[in-house]
Structures are given as C-alpha cells and as structure tokens.
Amino acid sequence: MSGGTEIPVRVTKVTPVAERIKRFRFERLDGRPMPYFSGGAHVVVSMNDEGHMRRNAYSLMSPPQDCSAYEISVLHVENSRGGSTFMHEKVREGDEMKVSYPVNLFQPDWRARKHLMIAGGIGITPFIAMMEQFSREGANFELHYAVRSHDRGAYCRELVDRYSSHRVKIYCDAESDFIPVARLLDSQPLGTHLYVCGPSGMIDGVLRAGLEAGWPEQNLHSERFLSSQPGKPFNVELLRSEKTVHVGHHESMLEAIEAAGVDAPFLCRGGACGQCETAVAACEGRLLHHDVYLSDEEKASGRKVMICVSRFEGNRLSLDL
Ligand SMILES: Cc1cc2nc3c(=O)[nH]c(=O)nc-3n(C[C@H](O)[C@H](O)[C@H](O)COP(=O)(O)OP(=O)(O)OC[C@H]3O[C@@H](n4cnc5c(N)ncnc54)[C@H](O)[C@@H]3O)c2cc1C
Ligand code: FES
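Being a predicted model, the structure only gives us computed values, none of them experimental.

Undergrad: How should I be thinking about the overall build of the protein in this particular structure?
TA: Secondary structure assignment for the protein yields seven helices and 17 strands. Principal-axis analysis of the C-alpha atoms places the extent of the protein at approximately 60 × 50 × 35 Å. Counting only residues that meet the buried cut, the protein has 50% of its 321 residues in that class. In the protein, the proportion of contacts linking residues at least 24 apart, taken out of those at least 6 apart, comes to 68%. In the structure as shown, the protein presents an accessible area of about 15,100 Å², 46% of it carried by carbon and sulfur atoms. Charge-centre separation for the protein: the mean point of 37 positive side chains lies 2 Å from the mean point of 42 negative side chains.

Following this line, the structure appears as structure tokens:
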C-alpha cells in the first residue's frame, strides 16, 4: 500500500468517551517508541474487516511528546460506510492493527502571536494535541468548542479543568449557546492565527467571516474530516496497469483500485493532501470533484482527479495509473 510504511500496533485501551465517541490507545508491537508527531497530525488506520481493507484517517490526540502510544477518538458516524462502525463494534483491547506514520496537514503557525481555535463536535481531536504543545511552549492560545449537547460533547470538562475557563469556552447547541464568531474575530490582537475544524458548514462560515473581517488568508487554517461520498457505480481504465476497475456505489476510486491490486499513493484519503492526484488520460463524461485540494481552474480543466474522494459519471474515464 502506498500510504508509506505501516506500524504494527496493539490496541491497549478502548474507552467510551461520550455518546457515539470512543478513544483508542495503540502501542507498538515491537515495544519501541512511536515516531514523534506534532499537534494537528493524523494517522491512517488500516482495518482488516474480514478480508476487506478499510483505511481511515484519524487525528492524533495524545500528547505529542509522549511516544509511548498514540491515541485517537472516533465518532461512530450515522451513515458510516464501515470504518467508524468497525472501530466501534469490532475493535477490542488486545487486537493487533496497523497505523501509518503520522502526517500533519494542519500545522500550527509558530510565528503567530496568538492561536485562536474553533472546534465543532469531533473536530476537537486535532486541537487536543495542539493545546498540549501550545501549553508546553508557553504560547498564547484560546479554544472555542461547540457541541450539539452535553452528552455528545467529548472532553469538555477535561479541557476546562486542564486549561481553565479563561482559555477554553464550551458552547452547547441544545441550549442555543453558539460561538460568537464575528465578535471573536473582531477582538483578536494583530498577528493572531485562526484554526477551525468541524462540520463543513461551520468551517465555510468561519473562513468566510475571517475574510470579511479583513483577516489575511494565510492566518486562516482549517481541516475537514472529508471522506468518500457514495454515488453511481462506474468503470475506470488504468492505462499503465492495463486494467479496468469497477467502482461500486459505496466504494471510492482509490479503494477499488487498491482492491484490484494496483498501488496508488495517498496520505489523507480525505481530498486534502494532494498525494493521490492522478492525471486523466481520457474523459467522456463528468468528473465529480469532491476534494478541497485542486483549484477551481484545475477542476474545470478535467486533466487531474483526486481519486480518494472524487467520482465520475459518463461513458469512459481513463487514468494514467
Ligand atoms: C485528516 C483527517 C482527520 C480525521 N480525524 C478524525 C478524528 O479524529 N475522529 C473521527 O471520528 N473522524 C476523523 N476523520 C474522519 C474519518 O477518517 C472517517 O471519515 C470517519 O470515521 C467516517 O468513516 P466511515 O468509514 O465510518 O464512513 P465514511 O464513509 O467515511 O463516511 C460516511 C459519511 O459520513 C460523513 N462523515 C465522515 N466523517 C464524519 C464526521 N466526523 N462527522 C459527521 N459526518 C461524517 C461522510 O461525509 C460520509 O457522507 C478524519 C478525516 C480526515 C481526512
Ligand atoms: S489522499 Fe489526500 S487528497 Fe487523496
């Protein structure tokens, strides 16, 4: 597989954290320390579901300086294609699994005078490791964290206890208590960087508000927990491998290509990193670009496609793979 070398690990702890959220602790099978990572990094967890390989990205939330283990928290999504259901229903303490080396697509900018974090729901995970690092480095930071209800909010009490209500503010949708985004953006010192992770609508709204309030684009950072969307089945020809692969309703192109025994590169499997960019050799139909990596012009050109999340509708798609 082309997400880089994988690390064989044992699941040493599974902890229910909140409604539909569990935390998993992974330790290396060979007893060596885990590779160092920085706040905001994720790993791709490989799940062997009775011979069917599932691979999902999960943000690392354990303290970055603690190399004894990695910890992730997984939300069991309601319309899961299988990955989060597998983690919740099949993974037990003692199981052996594999995780990729960490990759960080959501790095804090250490030049910032202040780090302002906005999280929604499970989008809290990358910030837990980031805050640990900010706190150790003596950086100025503040977290605004929106949860749907107190039962569904993970780590609210722990974060307030650890960093105080001065740095961590919790907002609960069920109590009509919402993050005052515009007011927050207007009251930050010059040189503040903003980081947002949560549902797509929230990310779009916060980034738009930032630009409207005159924030420089390079001070606005976001991470989307995107994944492949289901869609109409289609065939894709792989020019160099000389294969035609069928992509099913619930499958991504990348998953179908891997299942056909063809290696394709990836890092995030969520349309964000650019690693799986593939040249289109022929396209008689419409590419459905679901990534946030290619520019609008690149998408319109029809010459490239991110095979981890994008789909195709039409007569013929041929890729240089
Ligand atoms: C860089 C990165 C980091 C991630 N970190 C985390 C993490 O720390 N914890 C975590 O639980 N997930 C995280 N995800 C999402 C995760 O990789 C999976 O997409 C998620 O677990 C759902 O997988 P699935 O196989 O069950 O269903 P999928 O088929 O992948 O998703 C099914 C449907 O649910 C939607 N969906 C996916 N994720 C969510 C979500 N978080 N909330 C609401 N709807 C969703 C998808 O858009 C899709 O329509 C991350 C994704 C990326 C790209
Ligand atoms: S693997 Fe990251 S964009 Fe496809």
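The structure having been displayed, the exposition proceeds.
Undergrad: Help me understand the sheet that holds strand 12 (residues 220–223) in this model?
TA: Paired through their backbone hydrogen bonds, the strands of a sheet run either parallel or antiparallel. Overall, parallel pairing links the five strands, which are arranged 10-9-8-11-12 in an open sheet. In the strand order of this sheet, the two ends are held by strand 10 (168–172) and strand 12, each with one partner. Direction aside, the axes of adjacent strands within the sheet are offset by 15° on average. Summarising the sheet, strand 8 (residues 114–120) and strand 11 (residues 192–197) pair through six bridges and their orientation is parallel. Counterpart to lysine 114 in the pairing with strand 11 is threonine 192. Contacts between helix 5 (residues 200–212) and the sheet are confined to strand 8, strand 9 (141–147), strand 11 and strand 12, with strand 12 contributing the most and set at about 175° to the helix.

Undergrad: Please explain the side chain of serine 318 as it appears in this structure.
TA: Relative to the elements of secondary structure, serine 318 occurs in strand 17 (residues 311–319). In this structure serine 318 comes out as buried when scored by relative accessible area, which is 1%. Discounting chain neighbours no more than four positions away, the residues touching serine 318 are Glu237, Leu239, Val280, Ala281 and Ala282.

Undergrad: Even after reading the chapter, I still don't get the sheet that holds strand 14 (residues 243–247), so can you show me in this structure?
TA: Pairing is mixed across the open sheet formed by five strands, whose spatial order is 14-13-17-15-16. Of all strands in the sheet, those with a lone pairing partner are strand 14 and strand 16 (304–306), marking the two edges. For this sheet, the mean angle separating the axes of adjacent strands, direction not counted, is 40°. In this sheet, strand 17 lies alongside strand 13 (residues 234–238) in parallel orientation, the contact comprising two bridges. Pairing of leucine 238 across the sheet is with leucine 319, part of strand 17.

Undergrad: Could you clarify how one ought to interpret the site of ligand 1 in this entry?
TA: As a structural note, the neighbourhood of ligand 1 is formed by 25 residues, with Ala57, Tyr58, Ser80, Arg81 and Ser84 the closest of them. Arginine 81 is positioned with one of its side-chain polar atoms (N or O) 2.6 Å from an oxygen atom of ligand 1. Between ligand 1 and glycine 83 there is a distance of 2.8 Å, counted from an oxygen atom to a backbone nitrogen or oxygen. Put simply, the parts of the chain that give the shell around ligand 1 at least two residues each are strand 4 (52–59), strand 5 (70–75) and helix 1 (83–89).

Undergrad: Can you help me understand the packing of aromatic side chains in this one?
TA: Given two aromatic rings, one states the distance between the centres and the angle between the planes to describe the pair. Scanning the entire structure with this criterion turns up seven aromatic pairs. Between the aromatic rings of phenylalanine 37 and tyrosine 70, the centroid separation amounts to 5.6 Å while the plane-to-plane angle is 90°, which identifies the pairing as edge-to-face. Of this pair, phenylalanine 37 sits in the loop between strand 2 (21–28) and strand 3 (41–49) while tyrosine 70 sits in strand 5, and the two are 33 residues apart along the sequence. In this pair, the class of phenylalanine 37 matches that of tyrosine 70, namely buried. Centre to centre, the rings of phenylalanine 106 and tyrosine 195 are 6.3 Å apart; their planes meet at 80°, and the pair counts as edge-to-face. On the criterion of sequence distance, the pair formed by phenylalanine 106 in the loop between strand 7 (103–104) and strand 8 and tyrosine 195 in strand 11 is long-range, its members being 89 residues apart. Considered together, phenylalanine 106 and tyrosine 195 belong to a single accessibility category, that of buried residues. Grouping aromatic residues by their ring pairs yields a cluster made of Trp110, Phe134, Phe141 and Tyr163. Over the ring of phenylalanine 141 we find arginine 167, and its NZ or CZ is 4.4 Å from the ring centre. The lysine or arginine in question, arginine 269, covers the ring of phenylalanine 266, its NZ or CZ lying 4.4 Å from the ring centre.

Undergrad: Any chance you could explain helix 2 (residues 125–137) here in plain terms?
TA: For helix 2, with 13 residues, the first-to-last C-alpha span of 19 Å sits near the 18 Å given by 1.5 Å per residue. Across the 13 residues that make up helix 2, a large majority, ten, are buried. When we look at burial in helix 2, the residues that qualify are Thr125, Pro126, Phe127, Ile128, Ala129, Met130, Met131, Glu132, Gln133 and Phe134.

About the cut-offs
- Residues numbered from 1 in each chain as written.
- Chains lettered and ligands numbered in written order.
- Predicted model: local features only at pLDDT ≥ 70, side-chain atom pairs only at ≥ 80, totals over all residues.
- Heavy atoms only, no water.
- Helix = DSSP H or I, 4+ residues; strand = E, 2+ residues; numbered from the N terminus.
- Buried < 20%, exposed > 50% of the residue type's maximum accessible area, 1.4 Å probe, protein only.
- Contact = heavy atoms within 4.5 Å.
- Areas by Shrake-Rupley, 256 points an atom, 1.4 Å probe, with all protein chains shown as cover.
- Lys, Arg positive; Asp, Glu negative; His and termini not counted.
- Charge placed at Lys NZ, Arg CZ, Asp CG, Glu CD.
- Pairing = 2+ DSSP bridges.
- Axes fitted to C-alpha atoms, helices over the stretch in contact; angles between N-to-C directions.
- Near = heavy atom within 4 Å.
- Polar contact = N/O pair within 3.5 Å; in protein donor to acceptor, adjacent residues only side chain to side chain.
- Phe/Tyr/Trp six-rings, centres within 6.5 Å; stacked < 30°, edge-to-face > 60°.
- Lys NZ or Arg CZ within 6 Å of the ring centre and 35° of its normal.
- Expected span 1.5 Å × (residues − 1).

Shape descriptors only; they carry no functional weight alone.
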